[in-house]
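Here's the letter readout for the chains.
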Amino acid sequence: MDQRTRGFPSRRRLLQGAALAAVPAVPAVLLPATRATARPRAVDYPLAEWVPASTSNYTAANRPSTYPVDYVVVHVTQETYADTLAIFQNSAKKVSAHYVVRSKDGRIAQCVRERNVGWHAGNWDYNTRSIGIEHEGWVDQPEYFTDAMYEQSALLTASICDKYDIPKDRKHIIGHIEVPGADHTDPGPHWDWTRYIRLVNSA
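Residues numbered from 1 in each chain as written. Predicted model: local features only at pLDDT ≥ 70, side-chain atom pairs only at ≥ 80, totals over all residues. Heavy atoms only, no water.

A. Region of interest: unusual backbone geometry. Of note, the bond from R63 into P64 is cis; its omega dihedral lies within 30 degrees of zero at 5 degrees. The residue P64 is located in the loop between strand 2 (58-59) and strand 3 (71-76) in this model. The omega torsion across D186 and P187 is 10 degrees, close enough to zero to call that bond cis. Relative to the helices and strands, P187 resides in the loop between strand 8 (173-175) and helix 5 (193-202). (Helix = DSSP H or I, 4+ residues; strand = E, 2+ residues; numbered from the N terminus.)

Below, the structure is given as structure tokens:
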């Protein structure tokens, strides 16, 4: 819809309204049913853009009915933002996370719906019970962890915690390295957990 006309009735609708006002009232049961035009929201987090992962890279589910959501798992991509999205869209890769956060401006892409199980933790039990958030960057390059990234990611995590009643603490907001059996080291020693948890709780 053109922004310039948003919120203003069209000429056609005005004419239809005038025509209806000129005839006697008709019982509601005789009027044609109006068709719903609202479409389902494509993302779970309103500030995210939808960049879907391949359906070969996650498990369809109906969380939290099928599995409770108890954790947020923080990752670092070891790739660029664009390359990470391309990997998730590649059906041969067998990997995905629910969200990816860009370094320079905190832009957020949602790749897997929260109701579905992302393949991000390297542990099936944790995959089923968590939301995975990837952050653009490398564990040994702290310059990628910008203010915008921390702030936007913290807002996202706070929203997830509020939605699923997850405590906003380090027992429930964890790094990939803390997942039992994980062979990854992210988010690494330069990730500022104290700052991040403070931002999550003040969001």
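Having seen it, we continue.
B. Up close: the side chain of Q110. Of note, Q110 is situated in strand 5 (residues 108-110). A distance of 3.0 Å separates a polar side-chain atom of Q110 from the backbone oxygen of V112. When sequence neighbours within four positions are dropped, the list of residues in contact with Q110 reads V43, D44, Y45, A48, E49, W50, V51, P52, H98 and Y99. (Polar contact = N/O pair within 3.5 Å; in protein donor to acceptor, adjacent residues only side chain to side chain. Contact = heavy atoms within 4.5 Å.)

C. Seen up close, the sheet that holds strand 5. Strands sit in the order 1-5-4-7-3-8 across an open sheet of six strands; the sheet is mixed. With one partner strand each, in any of the chains shown, strand 1 (49-50) and strand 8 form the two edges of the open sheet. Where strand 4 (residues 99-101) and strand 7 (residues 130-135) come together, three bridges link them in parallel fashion. Within the sheet, the bridge partner assigned to V101 lies in strand 7 and is H135. (Pairing = 2+ DSSP bridges.)

D. Molecular detail of the confidence of the model for the protein. Mean pLDDT over the protein: 86, with 80% of residues reaching 70 or higher. Per-element mean pLDDT across the protein ranges from 40 in helix 1 (residues 11-21) up to 99 in strand 4. (pLDDT = per-residue confidence, 0-100.)

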